[in-house]
Amino acid sequence: MDEPDLSVKIGPLTLKNPVLTASGTFGYGQEYSGLMDLGRLGGIVVKGLSLKPRSGNPPPRTVETPCGMLNAIGLANLGLETFLKEKLPALQKLKTAVIVNIYGHSINEYGAVAAGLKGVNGISAIEVNISCPNVEKGGMAFGTDAEMSARVTERVLENSDKPVIVKLSPNVTDICEIAIAVEKAGAHAVSLINTLTGMAIDIESRTPVLTNISGGLSGPAIRPVALYMVYQVVNALNIPVIGVGGIVDYRDALQFLIAGATAIQVGTANFVNPRTTLHIIEGLKTFCAERKISRIDEIIGSLRMTDPS
Ligand SMILES: Cc1cc2nc3c(=O)[nH]c(=O)nc-3n(C[C@H](O)[C@H](O)[C@H](O)COP(=O)(O)O)c2cc1C
């Protein structure tokens, strides 16, 4: 049998396989170029980009937790101008999809970052991180409010010539409400989940371990939560869904694909083994080949429900 076809479509974008790196865990790709052929990946989602450079929160800003980690990096990044000048040229040479994750502290900032990427070659799509606090509205994250989420989506779409993927926050009562709002606003796809808010305390000093007090929980600890949210959102939307959260091997990836995710992202696992994504791609190939599945498409959304009777 020929090699299984792992290619998938995220709206107008075709990926050679459904395995992407998650934003903030793979730098700008180049950091990993000595360890693997980046061209084998389905795509790279780069570190969250804002209009101006940001140094993020003071350390300590990460801590290990059972089966995961908390981070309060605070979206440290180079800013739009330096990204375009110093990081994009290497990304443009890669034979993989480059997805630029963006964020803002106001709707105008989201629009400005999207506008700055308009007409720029070598960017396959924009992923919009709506977990960011809205400074104009008392610091509540955009992604916890359906109307604000829709407004951010609209503003990015107005200022962009690229497919727009909106990355949803799990720190909400009903993720489907937000997902439906961004779909109605015109998003080409959604990705989920971003990190779950949590904290850790040092029992000797009795102080929070993270200077920021709270941080975002990621890693295998969040996988079942992410999987269920993906399952719910897949059933609520008509646009493609990208699954993220605690994926460490091809079996985890398959759970998300079977639940209906069209592609997956690998985050924290890159810190444990930088080649995790490649192992997942190989694992998916072997899984399909052994079962005579010629296209990964046949697996996506193939969840069977057990009959309780
Ligand atoms: C250190 C770190 C930095 C992150 N930075 C970003 C970011 O800049 N933008 C974003 O949308 N998500 C960011 N995330 C969230 C991840 O992309 C991903 O959604 C989350 O970690 C869940 O996936 P995982 O369990 O595979 O890590 C970050 C996660 C970690 C651990």
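These remarks concern the structure in this document. All values derive from a computational prediction rather than experimental measurement.

What counts, and at which threshold
Residues numbered from 1 in each chain as written. Predicted model: local features only at pLDDT ≥ 70, side-chain atom pairs only at ≥ 80, totals over all residues. Heavy atoms only, no water. Near = heavy atom within 4 Å. Polar contact = N/O pair within 3.5 Å; in protein donor to acceptor, adjacent residues only side chain to side chain. Areas by Shrake-Rupley, 256 points an atom, 1.4 Å probe, with all protein chains shown as cover. Patch = residues over 30% accessible without salt bridge, like charges linked within 9 Å, V, L, I, M, F, W, Y side chains within 5 Å. Salt bridge = Lys/Arg side-chain N within 4 Å of Asp/Glu carboxyl O. Helix = DSSP H or I, 4+ residues; strand = E, 2+ residues; numbered from the N terminus. Buried < 20%, exposed > 50% of the residue type's maximum accessible area, 1.4 Å probe, protein only. Pairing = 2+ DSSP bridges. Axes fitted to C-alpha atoms, helices over the stretch in contact; angles between N-to-C directions.

With that settled, consider the site of the ligand. Taken together, 23 residues are adjacent to the ligand, and S23, K167, G219, G246 and T268 come closest. G219 places a polar main-chain atom, nitrogen or oxygen, 2.8 Å from an oxygen atom of the ligand. Contact distances for the ligand include 2.6 Å between an oxygen atom and a side-chain N or O atom of T268. Protein contacts shield 97% of the accessible area of the ligand, which totals 610 Å² for the unbound molecule.

Here we come to a nonpolar patch on the surface. Together, M199, I201 and I213 give the surface a local cluster of nonpolar side chains, amounting to about 300 Å² of exposed area. Take I201: it is sitting in strand β12 (residues 201–202).

Inspection of the entire model under this criterion finds 10 salt bridges. In this structure, D161 and K162 form a salt bridge, with 2.9 Å as the shortest nitrogen-oxygen distance. You can call D161 partly exposed: its relative accessible area is 44%. Given a relative accessible area of 8%, K162 falls into the buried group. Put simply, D297 and R295 hold a salt bridge, and the shortest N to O gap is 2.7 Å. Ionic contacts of the salt-bridge type, sharing partners, join the residues E3, R40, E282 and K285 into one network.

Before going further, it helps to spend a moment on the sheet that holds strand β5 (residues 62–65). Taken in spatial order, the 4 strands line up as β5-β6-β14-β11 in an open sheet, and their pairing is antiparallel. Pairing within the sheet leaves two strands with one partner each, and these edge strands are β5 and β11 (196–199). Between one strand and the next, the sheet's axes are offset by a mean angle of 40°, whatever the strand orientation. Pairing of strand β6 (residues 68–71) with strand β14 (residues 214–218), which is carried by 3 bridges, proceeds in the antiparallel orientation. Across the sheet, the residue bridging to L70 is L217, located in β14.

What follows covers unusual backbone geometry. With omega at -5°, the peptide bond leading from P59 into P60 counts as cis. The topology assignment puts P60 in the loop between β4 (43–49) and β5. The omega torsion across L192 and I193 is 15°, close enough to zero to call that bond cis. Relative to the helices and strands, I193 resides in the loop between β10 (189–192) and β11.

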